[in-house]
Each structure stands twice: as structure tokens, then as C-alpha cells.
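Here are the chains, one letter per residue:
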Amino acid sequence: HPGDGLDFSDKDFVIPDICIENKTNEWVISLNDSSLPDARINKYYLDLYKNNEDDKKIKDFLGKKIESAKWFIEVLRERDNTIRKVVLAIIDFQMKYLESSGEDLKPMVLKDIANKIDMDISTVSRVTNSKYIQFPWGVKHMKSLFSEGIKTKKGVNVSSIIVKETIKKMINSEDKKSPILDEEITNNLNEQGYIISRRTVS
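Residues numbered from 1 in each chain as written. Predicted model: local features only at pLDDT ≥ 70, side-chain atom pairs only at ≥ 80, totals over all residues. Heavy atoms only, no water.

Enquirer: Can you walk me through the sheet that holds strand 4 (residues 138-141) in this structure?
Expert: Within a sheet, each strand pairs with its neighbour through backbone hydrogen bonds, oriented either parallel or antiparallel. Within the open sheet, the 4 strands sit side by side as 2-1-3-4. Their pairing is mixed. Each end of this open sheet is capped by a strand with a single partner; those strands are strand 2 (26-31) and strand 4. Averaged over all neighbouring strand pairs, the angle between strand axes comes to 25°, with direction disregarded. The sheet contact formed by strand 1 (residues 18-23) and strand 3 (residues 132-135) spans 2 bridges and is parallel. Residue pairing in the sheet places isoleucine 18 in a bridge with isoleucine 133 of strand 3. Together, strand 1 and strand 2 form the strand contacts of helix 2 (residues 56-93), whose direction differs from that of strand 2 by roughly 155°. (Pairing = 2+ DSSP bridges. Helix = DSSP H or I, 4+ residues; strand = E, 2+ residues; numbered from the N terminus. Axes fitted to C-alpha atoms, helices over the stretch in contact; angles between N-to-C directions. Contact = heavy atoms within 4.5 Å.)

Enquirer: Could you clarify how one ought to interpret the pattern of salt bridges in this entry?
Expert: Proximity of charged atoms lets side chains of opposite charge pair with each other. Summed over all chains, the structure comprises 8 salt bridges. Linking glutamate 67 and lysine 70 is a salt bridge whose minimum nitrogen-to-oxygen distance equals 3.9 Å. A residue pair is termed a helical-turn pair when its members lie 3 or 4 positions apart in one helix, as glutamate 67 and lysine 70 do in helix 2 at 3 residues. By relative accessible area, which is 49% here, glutamate 67 ends up partly exposed. Residue glutamate 74 pairs with arginine 77 through a salt bridge whose shortest N-O separation is 3.5 Å. (Salt bridge = Lys/Arg side-chain N within 4 Å of Asp/Glu carboxyl O. Buried < 20%, exposed > 50% of the residue type's maximum accessible area, 1.4 Å probe, protein only.)

Enquirer: Where do I start with the pairing of strand 3 in this structure?
Expert: The side chains of a regular strand alternate between the sheet's two faces. Only one face of strand 3 is covered, namely the face carrying Ile133 and Phe135; the face carrying Tyr132 and Gln134 is uncovered. As paired strands, strand 3 and strand 4 are joined by 4 bridges and run antiparallel to one another. Across the sheet, residue tyrosine 132 finds its bridge partner in strand 4, namely histidine 141. Counted along the chain from strand 3 to the antiparallel partner strand 4, the turn is 2 residues long.

Enquirer: Explain a nonpolar patch on the surface here, please?
Expert: There is a patch of nonpolar side chains on the surface, built from Trp71, Phe72, Val75 and Leu76 and spanning about 410 Å² of accessible area. Within the fold, tryptophan 71 resides in helix 2. (Patch = residues over 30% accessible without salt bridge, like charges linked within 9 Å, V, L, I, M, F, W, Y side chains within 5 Å. Areas by Shrake-Rupley, 256 points an atom, 1.4 Å probe, with all protein chains shown as cover.)

Enquirer: How do you make sense of the pairing of strand 2 when you look at a structure like this?
Expert: Side chains of strand 2 alternate between two faces, with Trp27, Ile29 and Leu31 buried and Glu26, Val28 and Ser30 left unburied. Pairing of strand 1 with strand 2 involves 6 bridges; the strand directions are antiparallel. When the bridges of strand 2 are listed, glutamate 21 appears paired with valine 28.

Enquirer: I'm lost on the nonpolar core in this one. Help?
Expert: It is characteristic of soluble globular proteins that their nonpolar side chains tend to be buried jointly. Among the nonpolar cores identified, the biggest contains 27 residues, and Ile18, Ile20 and Ile113 are the most heavily contacted of them. Broken down by secondary-structure element, the contributors of at least two residues to this core are strand 1, strand 2, helix 2, helix 3 (95-99), helix 4 (110-117), helix 5 (121-129) and strand 3. No other element matches the 7 residues that helix 2 contributes to this core. In this structure isoleucine 20 touches Trp27, Val28, Ile29, Val87, Ile91, Leu98, Ile133, Gln134, Phe135 and Pro136, once residues within four positions along its chain are discounted. By size, the runner-up hydrophobic cluster in this structure holds 10 residues, among which are Ile150, Ile167, Leu189 and Tyr194. (Core = buried A, V, L, I, M, F, W, Y, C linked by side-chain atoms within 4.5 Å.)

Set out below in C-alpha cells:
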């Protein structure tokens, strides 16, 4: 029992990477990179490079290192810009979701965002895979905002996440001694206007 004596907390919490707030009827995003130090080139080495005209070896060595550092800082900036672009595109795409405080999620796939910002799907996937967004009503995994669509009888595409939430409510309110059948859930969803098969519900 190697874990005996260690205190484990059952309360997991997430520090969001991006915060979205509504300020005077405008959605504002801020990147939460307070845990990262401000990357800059040490002034001592910059001065040494500028003032060292005599020793070509030192000048060349420092020159290469400074260029490498500038490139690294630029990569960090580019990373932030990419995250910002993706989040802004998601906000634009999911405006109803924001205005409904997380109720009205629109079907959205990675390709939708990739096309919107003219980036590769793999880049959008990488950005959304490990990031969390803080909305005014709670913290969400970025990946959870992406879902396939399920058609309704009115011809509207609804996010599969909304349908899953509806199923979850049905199961939570069922009689545990006589659990609701998949067929009953399907019929209930069909009555609500969703075009969905029993197999999909299962």
C-alpha cells in the first residue's frame, strides 16, 4: 500500500488558460499566462555584444545566441497570437452560446474554425486539446465546445452535446428500480423534435 499515509484531495480544480468576460456588451478575451515568466534577453549580454568589437569569436558566439533567443521569443508571441485567433473564431461562431450563458451550443467541428482563420486543422486541434476557457458561468475544456450536429424535424442542426445533456436529465430523474429503456429515451427525444435512432441513443 504505497499510498498509505498520503493525503489525497477529491476536489480537482483547473486553472483556465483563457478568460472570457463581457465588458460593456463586448466579449473580451485575456490569456492567463501569469505562471510564465516574461521572456527577454539579458541586458548584460546585449551590452557585451554591442560593446565587444575586438574579439570576433565572442561577437559571433553572442550574435548566434541572441538571434536564437529572439527567435524563441517570437515563437512564444506567435503561440499567443494563434491561441487568440482560435478563441476569437470560436466566440464568433458560438455567439448564441455566449449570449445564452452556455445553453445554446451550436454544432462546430475543428474544420469550421480552421477554415475561418485559414489555419491547418492540426494546429487548431493542438490549441484546443489542452486548454481550458473560463466563461462567466464556469470553466470548460475547449475541446468540449466541439460537437457533431443532430438534425431536428424543423431542419435545424443541434449540437450532440445538448442532446446528451437532455438524455442525462432523463436518466437522473428515472426510477432506479425500473430504469428507463433506450427505446423510451429515443421516443422521448423524437417527441421533442430530434431525429435520432435508438442505436445513436445507446
